[in-house]
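# Tertiary structure, described
Chain by chain, the residues run as shown.
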Amino acid sequence: MRTTSTTLLLARHGQTVWHAENRYAGVSDVALTDEGRAQADALGRWAAAHPVDAIWTSTVSRAITTAGPACRVLGLTPHREPALRECDFGVVEGRTLAEFEAENPQRAKAFRADPVSYPFPEAEDPRTAAARGTDALRRIAAAHPGGRVLVVAHNTLLRLVLCSLLSVPLSEYRRVFPQLRNAAVSELRFEDGRAALLSLNVPCE
């Protein structure tokens, strides 16, 4: 019996105004830069050449804006999924890791060694974030059997989800997936409830 596979094309939102200094945005609603809007346009051109059946985004404006050109070129209305939002980084929202380290070097050292066991103070538990994000992707895949779906979300959430789906320890997400590049596409295939990573960080242009 032939199995049905669904392809999810994962994209991180475009560059934001906090990107240059590598500030943690998390739940903060941070706008795209001109470069970020250009990256969104490039994702739209990519979608025109590689059409998808549906587009899903987080409910945060930087992801919605990034998906906008792809939605327009394909005539699709995006599905907005709250579970695709970025992790809440607690006291480090709007700050850099270096700034936090200067204030609390021991906690920063522990975070670097194991960001899941030692998340930032007042931050969302990374295990909780991984679970909600993984559940969201599974639901999206189930809603589009045999289809191709563009999912626009966030750097840390998607890295945690990739670890969860690919049986990589969550504590290794910063090492195994150092960064998902802005508006680059990673291809994930779901088949029989299992996920396979087919490509990572492929530029749109």
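Everything that follows concerns the structure shown earlier in this document.
Now for a quick tour of the structure. Worth saying up front: this structure is predicted, and the values here are computed from it rather than measured.

Further remarks concern the overall build of the protein. Per the secondary structure count, the protein includes 7 helices and 6 strands. Ordered by position from N to C terminus, the α and β elements of the protein give β-α-β-α-β-α-α-α-β-α-α-β-β. Taken against the 2.2 N^0.38 rule, which gives 17 Å for 205 residues, the C-alpha radius of gyration of the protein at 17 Å falls within 12% of a compact globule. In terms of principal-axis extent, the alpha carbons of the protein reach across some 55 × 40 × 25 Å. Every one of the 205 residues in the protein was classed for burial, and the buried ones make up 51%. Sequence-distant contacts, at least 24 apart, represent 69% of the contacts inside the protein between residues at least 6 apart.

Next up on the list: helix α4 (residues 105–113). Note that an α-helix has 3.6 residues per turn; residues three or four places apart therefore point the same way. Along α4, the positions that sit buried rather than exposed are A108, A110 and F111. Across the axial projection of α4, the buried residues extend over an arc of 160 degrees, all falling on one side. The exposed set on the far side of α4, more than 90 degrees from its buried face, consists of Q106, K109 and A113. Buried positions along α4 lie against α3 (97–103) and α7 (173–176).

Ranked by size, the top nonpolar core spans 39 residues in total, and within it L8, L137 and L188 carry the most contacts. Elements that contribute at least two residues to this core include exactly β1 (5–12), β2 (54–57), α3, α4, α5 (126–143), β4 (148–153), α6 (155–165) and β5 (185–191). Looking at this core, the element that brings in the most residues is α6, giving 7 residues. If we ignore the near neighbours within four places in the chain, the residues touching L8 are L137, I140, A141, V149, S186, E187, L188 and F190. With 16 residues, the next largest nonpolar core counts L9, V52, V185 and C204 among its residues.

Moving on: the pattern of salt bridges. Summed over all chains, the structure comprises 11 salt bridges. In this structure, the salt-bridge partner of R139 is E81, at a minimum N-O distance of 3.2 Å. Pair noted here: R139 is in helix α5 and E81 is in the loop between β3 (79–80) and α3, with a separation of 58 residues, a long-range link. E81 gets classed as buried once you look at its relative accessible area, which sits at 11%. The shortest N-O distance in the salt bridge between D125 and R127 comes to 3.1 Å. By relative accessible area, D125 is classed as partly exposed at 29%. On the basis of relative accessibility, which here comes to 46%, the residue R127 falls in the partly exposed class. In the salt-bridge network here, residues are joined through shared partners; they are E21, R23 and E99.

Our next topic: unusual backbone geometry. Backbone geometry places E122, a non-glycine residue, at a positive phi of 70 degrees. Relative to the assigned elements, E122 resides in the loop between α4 and α5. Judged by its relative accessible area of 69%, E122 falls in the exposed class.

The element β4 is extensively covered by neighbouring structure, given that 5 of its 6 residues are classed as buried. As paired elements, β1 and β4 share 6 bridges and run parallel to each other. Within β4, the residue paired with A11 across the bridge is V152. Pairing geometry for β2 and β4, over 4 bridges, is parallel. When the bridges of β4 are listed, T57 appears paired with V152.

Okay, the pairing of β1 next. For β1, the buried fraction is high: 7 of the 8 residues fall into the buried class. Judged from the 7 bridges that link them, β1 and β5 form a sheet pairing that is antiparallel. Counterpart to L10 in the pairing with β5 is S186.

The rules behind the values
Residues numbered from 1 in each chain as written. Predicted model: local features only at pLDDT ≥ 70, side-chain atom pairs only at ≥ 80, totals over all residues. Heavy atoms only, no water. Helix = DSSP H or I, 4+ residues; strand = E, 2+ residues; numbered from the N terminus. Rg over C-alpha atoms; globule rule 2.2 N^0.38 Å. Buried < 20%, exposed > 50% of the residue type's maximum accessible area, 1.4 Å probe, protein only. Contact = heavy atoms within 4.5 Å. Arc of directions from axis to C-beta. Core = buried A, V, L, I, M, F, W, Y, C linked by side-chain atoms within 4.5 Å. Salt bridge = Lys/Arg side-chain N within 4 Å of Asp/Glu carboxyl O. Pairing = 2+ DSSP bridges.

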